[in-house]
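Chain and residue survey
One-letter residues, chain by chain:
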Amino acid sequence: MPFESSTPHRFFAKLSGNWKGTSRLWLEPDKLADEAAIVATIQLLLEGRFALYLYQSSIEGEPQHGMFTFGYNITLEQFEASWVDSFHNSTGIMFCVGAEIENGFSVTGSYPDPSGGPDWGWRTEVELNGDQLTITAYNITPEGEEAKATEAILTRLKK
């Protein structure tokens, strides 16, 4: 039986399924660097307590893939997530926390600057509007300035 004790967990159930769409990448603020097809699946884990987003795309023709696991901690009343991928995180796991937004949730984590400077932030918004899922991520400089970094606009595949 699905775990449906809270609205966030019911939201996860709405995300379950197969998706396809377009992924976009910005390496500099407001300057689109790449656009590619993306395929993804979202499956519920542990009776719907968590969801797992697995995706495959490419950047400049090179295959990329990743995994975004998310849940809602009813004790702390916050969304919690982890990101791993073949592009941005290398061999690290990025942990994120956040809150509900209209039609979804937003979580923020951080990653180390490879040149040894201060950590950068990474905010991910997940929004569902009908059969369109948008996952947008923003880079946050150590000074707090945000710029769109990635965006996946996905459409649910019919069974």
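In the block above lies the structure referred to throughout.
The structure contained in this document is the topic of the report that follows. Keep in mind that what you see is a predicted model, and the values were worked out from it rather than measured.

Thoughts on the packing of aromatic side chains
Enumeration according to the criterion identifies 13 aromatic pairs in this entry. Seen in terms of ring centroids, F12 and F70 are 5.2 Å apart; in terms of plane orientation they differ by 75 degrees. Their pairing is edge-to-face. Of this pair, F12 sits in helix α1 (residues 7-15) while F70 sits in strand β4 (residues 62-73); the two residues are 58 residues apart in sequence, bridging distant segments of the chain. For F12, a relative accessible area of 0% gives the class buried.

Details of empty space enclosed by the protein
Throughout the structure, instances matching the rule amount to 1 cavity of 30 Å³ or more. Within this model, the largest cavity holds a volume of roughly 400 Å³. Lining of the largest cavity is provided by 29 residues; of these, S23, Y55, W83, D85 and T150 occupy positions nearest its centre. Elements represented by at least two residues in the lining of the largest cavity include exactly β1 (17-28), β2 (31-45), β3 (50-59), β4, β5 (78-85), β8 (120-129), β9 (132-140) and β10 (146-156). The element that contributes the greatest number of residues to the lining of the largest cavity is β3, accounting for 5 residues. Counted by class, the lining of the largest cavity contains 13 nonpolar, 11 polar and 5 charged residues.

What counts and what doesn't
- Residues numbered from 1 in each chain as written.
- Predicted model: local features only at pLDDT ≥ 70, side-chain atom pairs only at ≥ 80, totals over all residues.
- Heavy atoms only, no water.
- Phe/Tyr/Trp six-rings, centres within 6.5 Å; stacked < 30°, edge-to-face > 60°.
- Helix = DSSP H or I, 4+ residues; strand = E, 2+ residues; numbered from the N terminus.
- Buried < 20%, exposed > 50% of the residue type's maximum accessible area, 1.4 Å probe, protein only.
- 1 Å grid on protein atoms, 1.4 Å probe; cavity = no way out; pocket = protein on both sides within 12 Å on 5 of 7 lines; lining within 4 Å.
- Points joined across faces, edges and corners; volume = space filled by probe spheres on them.
- Nonpolar A, V, L, I, M, F, W, Y, C, P; charged D, E, K, R; others polar.

Any functional reading would require information beyond the geometric quantities listed.
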